[in-house]
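Structural description and commentary
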Amino acid sequence: MIAIVKYNAGNVQSVQYALQRIGVESVVTDNFDSIRQADKVIFPGVGHAQSAMQYLRENGLDTLLLSLQQPVLGICLGLQLLCKHSQEGDTNCLGIFDTEVKLFSSPALKVPQIGWNNIYGYKSVLFNELPEQSFMYTVHSYYAALSDETVATTEYILPFSAALQKNNFYAVQFHPEKSGTAGETILKNFIQIP
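What counts and how
Residues numbered from 1 in each chain as written. Predicted model: local features only at pLDDT ≥ 70, side-chain atom pairs only at ≥ 80, totals over all residues. Heavy atoms only, no water. Phe/Tyr/Trp six-rings, centres within 6.5 Å; stacked < 30°, edge-to-face > 60°. Helix = DSSP H or I, 4+ residues; strand = E, 2+ residues; numbered from the N terminus. Buried < 20%, exposed > 50% of the residue type's maximum accessible area, 1.4 Å probe, protein only. Contact = heavy atoms within 4.5 Å. Pairing = 2+ DSSP bridges.

A closer look at the packing of aromatic side chains
- As enumerated under the stated definition, the model contains eight aromatic pairs in all.
- With 5.4 Å between their ring centres and 75 degrees between their planes, phenylalanine 104 and phenylalanine 160 make a pair best called edge-to-face. Of this pair, phenylalanine 104 sits in the loop between strand E7 (97-103) and strand E8 (113-118) while phenylalanine 160 sits in strand E12 (residues 158-166), and the two are 56 residues apart along the sequence.
- Look at tryptophan 116 and tyrosine 137: their rings are 5.6 Å apart centre to centre, the planes differ by 65 degrees, and that puts the pair in the edge-to-face class. Of this pair, tryptophan 116 sits in strand E8 while tyrosine 137 sits in strand E9 (residues 135-140), and the two are 21 residues apart along the sequence.

See the structure below:
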């Protein structure tokens, strides 16, 4: 069973539909037992880091997420909230990944970045059978800096983490649920992690 974490910053419907397209059933829930007992957990997100973290803390979901032993996949804001700190609202986050989330700064390029970006330098089972330089759909103003936990890289204004991994925690900055067959490959790989 796949649990999609329900909180006040989720793009949960599109993730659930993407899983249906690859034949995987999921439940959208904030129930602690359902999340703990799930085979896999997906932690999506679209929104503001500070308000999202406040909601997680007020509802005990921060402690729950940190305690999970099964594979967990953060998506977009989900990735950023798994990092140690975000410049968005000067927010202390969950701290799974030892990296900062920073605001893009460019006089020439638009922020937020909206569109397709190629990813490269894969170092995770998430990217099995995925051609190098595959394109993924992204919408974001903040990015996770490169670190020892970076398992795929992309570039906009500067190189940054397209994906991070530490122990049972996986995270992607892009939206696999909106990235066609390449995104479906990543979701399938996540579902197949033992």
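Some points on the side chain of histidine 175
- Tracing the backbone through its elements, the reader meets histidine 175 in the loop between strand E13 (169-172) and helix H6 (180-191).
- For histidine 175, a relative accessible area of 2% gives the class buried.
- Not counting residues within four places of it along the chain, the set of residues in contact with histidine 175 comprises Asn11, Gly45, Val46, Ile75, Cys76, Tyr137 and Val139.

Regarding the pairing of E12
- In this structure, strand E11 (residues 150-156) lies alongside E12, joined through six bridges in antiparallel fashion. Looking across to E12, one finds that glutamate 155 is bridged to proline 159.
- What sits between E11 and E12 in their antiparallel hairpin is a turn of one residue, with isoleucine 157 showing a positive phi close to 70 degrees.
- As paired strands, E12 and E13 are joined by four bridges and run antiparallel to one another. Its bridge partner lying in E13, glutamine 165 is registered against tyrosine 170.

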